[in-house]
Amino acid sequence: MLQKILLPAMLAVTAVSAHAAQSLKIGYSDYPAWAAWHIAQEKGWFQEAGVDVKLEWFDYSASMDAFTAGKIDAVSMTNGDALVTGSGGAKSVMVLINDYSNGNDMILAKPGIRSIKDLKGKKVAVEVGLVDHLLLLNALKKAGLKESDVTLVNAKTNELPQVFAAPDIAAIGVWQPVAGEAMKAVPGSKPIYTSADEPGLIYDVLAVNPASAKARKADWIKVTKVWDKIVAYIKDPKTSADAVKIMAARCGVSAAEYQKMVNGSNFLTLEESRKIYVKGDGFKSIYGSTKIVDAFNVANKVYAKPENIDSYLDPAITLGK
């Protein structure tokens, strides 16, 4: 009788122990706020924090596919793309805000076009429904123009440098590092509007499977504290060069080239991230920003109906509670 009582209990403990022993698998890709995780891996900071993390490198779209397929526990993506994957059934909870784009997303224009107003009546190429389409709409609105005042040309982001070279394309909406390739493809081109003109339009986050966030909460809190250490290392003048060197090596480019992209990201400490988690409207709150992106996604038929924004956002892990 005692054996019958103890055996299920022992099996339960074994199952919990096995689950706890598993690595937290985080998918990340080539963007400064995400490549920065590589610093912690190189420095052994996850081990020092007492959390077993396995970083898995992907192309951006592939990282979201892996998360959707349940192959990883968390993925680095934008707040808007978290809604997109969630609308398809792969829900997540954004437990950490890594940064906001501060110039890495941009509207690039050919020589002779000096402002957004100059785009009226011209062709602008962008991957419709993605974040730089939203950046373009925001830029047009600020310039007193409507989307119908330009002719949109839909193109895949990685194809935009070639598209930009076409004689009838006046501008493109693109992000780094593809933006750098586009400027090389069209000498004399330059940004006429960037994400630095609208801080908070694009937040980059760590999105975690809700079941993992709940079952491994203590471990995810440790992960966020490691992030704070990463940001300090990037921002400290004594160590920033080494930080950029590590990120650049992971992405296969020179440190000098990668420094430009690092400059276009506003890395957030945990304290700064906590302030953005305060509920509010507009881009200074991740709730407000995500609500705006949600409306954009529905308007552009990325998915059919609005998502429940609050279900994607939980500051508890960032708060360490």
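This one's a predicted model, so the numbers in the text were calculated from it and none came from an experiment.

Q: Provide a residue-level description of the environment of Ala170, including the pertinent values.
A: Inspection of the secondary structure puts Ala170 in strand 8 (residues 169-175). Once residues within four sequence positions are removed from consideration, Ala170 is found in contact with Leu108, Ala109, Lys110, Ile113, Leu119, Lys122, Lys123 and Phe164.

Q: Can you explain the pattern of salt bridges? Please cite residues and give values.
A: Oppositely charged side chains can pair when the atoms bearing their charge come close. A full pass over the atoms with the stated rule returns eleven salt bridges. The closest approach of N and O atoms between Glu271 and Arg274, which form a salt bridge, is 3.3 Å. Of this pair, Glu271 and Arg274 both sit in helix 14 (residues 270-276), separated by three residues, roughly a single helical turn. Look at Arg274 and you get partly exposed, because its relative accessible area is 27%. Of the charged contacts in the structure, one is a salt bridge between Asp310 and Lys279, with a shortest N-O distance of 3.0 Å. Residue Asp310 is located in helix 16 (residues 309-312), and its partner Lys279 is located in the loop between helix 14 and helix 15 (286-299); the two are separated by 31 residues in the primary sequence.

Q: Please give an account of the sheet that holds strand 6 (residues 123-126) that cites residues and values.
A: Taken in spatial order, the five strands make up an open sheet running 7-6-8-5-9, and their pairing is mixed. Edge strands, defined here as strands with exactly one partner in the open sheet, are strand 7 (151-154) and strand 9 (190-194). Mean inter-strand twist for the sheet, computed between neighbouring axes without regard to direction, equals 30°. With four bridges connecting them, strand 6 and strand 7 associate as parallel partners. Bridging across to strand 7, Lys123 finds its partner in Thr151. Lying on the sheet, helix 7 (residues 131-142) is in contact with strand 5 (105-109), strand 6, strand 7, strand 8 and strand 9; it crosses strand 5 at an angle near 65°.

Q: Go over the environment of Gly200, please, and point to the residues and values.
A: Tracing the backbone through its elements, the reader meets Gly200 in the loop between strand 9 and strand 10 (203-208). The class for Gly200 is buried, based on a relative accessible area of 0%. Expressed as a C-alpha distance, the spacing of Gly200 and Ser101, which sit 99 residues apart in the sequence, is 7.2 Å. Leave out the neighbours within four places in its chain, and Gly200 touches Tyr100, Phe283 and Ser289.

Q: Tell me about unusual backbone geometry, and please be specific about residues and values.
A: Put simply, Gln176 and Pro177 share a cis peptide bond, and its omega is 10°. For Pro177, the position within the fold is in the loop between strand 8 and helix 9 (178-185). With a phi angle near 60°, Lys301 is a residue other than glycine that sits in the positive phi range. Mapped onto the elements of the fold, Lys301 is located in the loop between helix 15 and helix 16.

Reading guide: rules and limits
Residues numbered from 1 in each chain as written. Predicted model: local features only at pLDDT ≥ 70, side-chain atom pairs only at ≥ 80, totals over all residues. Heavy atoms only, no water. Helix = DSSP H or I, 4+ residues; strand = E, 2+ residues; numbered from the N terminus. Contact = heavy atoms within 4.5 Å. Salt bridge = Lys/Arg side-chain N within 4 Å of Asp/Glu carboxyl O. Buried < 20%, exposed > 50% of the residue type's maximum accessible area, 1.4 Å probe, protein only. Pairing = 2+ DSSP bridges. Axes fitted to C-alpha atoms, helices over the stretch in contact; angles between N-to-C directions.

Limitation: the analysis is restricted to geometry and does not speak to function.
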